[in-house]
Amino acid sequence: AAALVDLQLGGNLVDDDGRARLTAGVVPGDPVLAWVLEDVQAAGPRKWRHWIDRRTRATVRAVRDDLERSRLIKVEPNRVLGLIPADRITLRHPLVRRDVLRSAQDTLRPSRLVSRVDLRDAAIVVLASTADLRTVVTKDQQARHKDRLAQLAVRVGPVVPALKRSLQQSQYSAAG
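Residues numbered from 1 in each chain as written. Predicted model: local features only at pLDDT ≥ 70, side-chain atom pairs only at ≥ 80, totals over all residues. Heavy atoms only, no water.

(A) Here's a closer look at unusual backbone geometry. A positive phi angle is found at R55, which is not glycine, with a value near 50 degrees. Looking at where R55 falls in the secondary structure, it is placed in the loop between α3 (48-53) and α4 (56-69). The backbone of L81 shows a phi angle near 55 degrees, a positive value even though the residue is not glycine. Summarising the element assignment, L81 is placed in the loop between β4 (73-80) and β5 (84-91). On the basis of relative accessible area, L81 is assigned to the exposed category, the value being 76%. (Helix = DSSP H or I, 4+ residues; strand = E, 2+ residues; numbered from the N terminus. Buried < 20%, exposed > 50% of the residue type's maximum accessible area, 1.4 Å probe, protein only.)

(B) Broad picture of helix α6 (residues 119-130). With twelve residues, α6 should reach 16 Å at 1.5 Å per residue; the first-to-last C-alpha distance of 16 Å fits that figure. Taken residue by residue, α6 has A122, A123, V125, V126, L127, A128 and S129 as its buried positions. Next to the buried residues of α6 lie α1 (2-9), α5 (94-108), α7 (139-144), α8 (146-156) and α9 (159-175). The opening residue of α6, the one whose side-chain oxygen lies 3.0 Å from the backbone nitrogen of R120, is D118. (Expected span 1.5 Å × (residues − 1). Contact = heavy atoms within 4.5 Å. Polar contact = N/O pair within 3.5 Å; in protein donor to acceptor, adjacent residues only side chain to side chain.)

(C) Region of interest: the pairing of β5. For β4 and β5, the ladder comprises eight bridges, and the chain directions are antiparallel. Opposite K74, over in β5, you have T90 as the bridge partner. In textbook terms, the turn of a hairpin is the stretch between consecutive antiparallel strands, and for β4 and β5 this stretch comprises three residues, one of which, L81, has a positive phi near 55 degrees. (Pairing = 2+ DSSP bridges.)

(D) Region of interest: the sheet that holds strand β3 (residues 46-47). On the basis of which strands lie adjacent, the open sheet formed by three strands has the order β1-β2-β3 and antiparallel pairing. Every other strand in the sheet has two partners, leaving β1 (13-16) and β3 as the edge strands with one partner each. Where strand β2 (residues 19-22) lies against β3, two bridges are found, and the strand directions are antiparallel. In the strand pairing of β3, R19 is matched with K47.

(E) Expanded view of the pattern of salt bridges. Applying the stated criterion across every chain, the model contains 16 salt bridges. Across the pair D16 and R21 runs a salt bridge whose closest N-O atoms are separated by 3.3 Å. For D99, the salt bridge is made with R98, and the minimal N-O distance between the two is 4.0 Å. Beyond isolated ion pairs, a larger network of salt bridges with shared partners links R61, R64, D65 and D87. (Salt bridge = Lys/Arg side-chain N within 4 Å of Asp/Glu carboxyl O.)

(F) Geometry of α8. If you check which residues of α8 are buried, you get R148, L149, L152, A153 and V156. For α8, the arc enclosing every buried residue in end-on projection is 140 degrees, short of the 170-degree limit, so these residues lie on one face. Opposite the buried face of α8, at more than 90 degrees from it, the exposed residues are D147 and V154. Structurally, α8 contributes buried residues whose contacts are with α1, α5, α6, α7 and α9. Directly after α8, the chain includes G157, whose backbone phi takes a positive value near 115 degrees. (Arc of directions from axis to C-beta.)

Take a look at the structure:
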């Protein structure tokens with residue numbers, strides 16, 4: 001979802017009646033974004049949710065590997081409960097986390113006009129809230145700023161409701 005928003009904000013994708021449509025924008029330098037863009041180009045316009053659900057694990061893995069190559073994170077093998085293989089991911093620069101949290105708090109500040117919030121900051125906050133990433137937007141902040149988050153979501157665009165539907169479907173599938 002974040003890659004789609006990034007491509008949309010970069011002018012590579014537009015909403016065409018609920019579908020992500022490629023534009024003649026400049027190919028992004030980021031390899032993950034370029035890969036997603038190639039995928040959209042090959043398949044043609046599809047609903048936003050299609051792109052959110054497509055190759056999720058591969059996309060997450062590519063982003064993680066790129067962040068590790070850039071030395072922004074450290075990935076170490078680990079085991080959950082001593083049995084289940086998992087990776088422990090650590091930020092190499094803790095100040096990045098502080099800056100993201102500060103930006104999130106500033107984005108949610110009611111005294112700041114929604115129309116004046118940077119779209120990338122709005123996207124981070126809205127996507128984190130939609131995905132229940134409580135390290136970025138706490139449950140209390142979600143409740144207190146529900147209306148503001150809805151206004152920011154409208155500004156961010158069609159990826160947000162598509163992400164919400166995708167996550168709901170995943171939860172329904174896991175529950176039953």
